[in-house]
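Here are the chains, one letter per residue:
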Amino acid sequence: MYPFARMVYQLAVTRNAPALPVTGTHVSHHRCWPWDIDLWMELNNGRTLTIYDLGRIPLARRTGLVELLRKQRWGLTMAGASVRYRARIRAFERVEMLSRVVGWDDRFIYLEQSMWKGPTCCNQIVYRSAVTDRNGIVPMDRVAEALGIDRQSPSLPDWVQAWIDADAIRPWPPAR
């Protein structure tokens, strides 16, 4: 089940947090609960993606995106992700999550998130996200203008651009 109570909590603890620039970093803290673990007694890989929501939605609110989405009656969807797992997160361990927008292109917003236990990065993900309306994807020029930010994205990190390029040549639909 989706962790609605945890989302409400994260939104509550950040309700008075200062606004962030669109590329600002949102820092949040999370605990791995027994219902988050898998058979190997560590944070389940699918649950990791759900917990990343708990950092991404408050980030969107702090940057003004959530308010804009409501005002324009737009939605937000995930259009791709690449995750790297490197260290286990076990039941009851606390992690610090860093969430930030790294840039955008004509259609998508690219976000990076990572979970840390002290100096150790446990996992990291890059997401491709899109703002949508009833006609499909809203062009980022329109989103940037509505947010009051520069239409020109900061330069995407080389590794993010390499992921975008690799994903562009990936066959779709996949072979059956």
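Since the model is a prediction, treat every value here as computed from it, not as a measurement. (Residues numbered from 1 in each chain as written. Predicted model: local features only at pLDDT ≥ 70, side-chain atom pairs only at ≥ 80, totals over all residues. Heavy atoms only, no water.)

A. Structural view of helix α4 (residues 140–147). Where α4 is concerned, the buried positions are M140, V143 and A144. Buried residues of α4 fall within an arc of 95 degrees about the axis and therefore sit on the same side. (Buried < 20%, exposed > 50% of the residue type's maximum accessible area, 1.4 Å probe, protein only. Helix = DSSP H or I, 4+ residues; strand = E, 2+ residues; numbered from the N terminus. Arc of directions from axis to C-beta.)

B. Inspection of the nonpolar core at higher detail. W74, I89, M115 and V131 are the most contacted members of the largest nonpolar core, which totals 30 residues. Where this core is concerned, the elements lending two or more residues are α2 (45–62), α3 (65–72), β3 (94–104), β4 (109–117), β5 (120–133) and α4. Per-element tally for this core: the top contributor is α2, with five residues. Apart from residues lying up to four places away in sequence, M115 is in contact with L43, T48, I51, Y52, I89, V95, E96, M97, T120, C121, C122 and N123. One finds V102, L156, V160 and I164 within the second-largest nonpolar core, a separate group that totals nine residues. (Core = buried A, V, L, I, M, F, W, Y, C linked by side-chain atoms within 4.5 Å. Contact = heavy atoms within 4.5 Å.)

C. Layout of unusual backbone geometry. Omega for the peptide link from W172 to P173 comes to -5 degrees, which places this bond in the cis form. For P173, the position within the fold is in the segment after α5 (158–168). The phi dihedral of M41 falls on the positive side, at around 65 degrees, and the residue is not glycine. Mapped onto the elements, M41 comes out in the loop between β1 (25–31) and α2. Of note, the phi angle at F92 is positive, near 75 degrees, even though the residue is not glycine. Mapped onto the elements, F92 comes out in the loop between β2 (75–85) and β3. With a relative accessible area of 49%, F92 lands in the partly exposed category.

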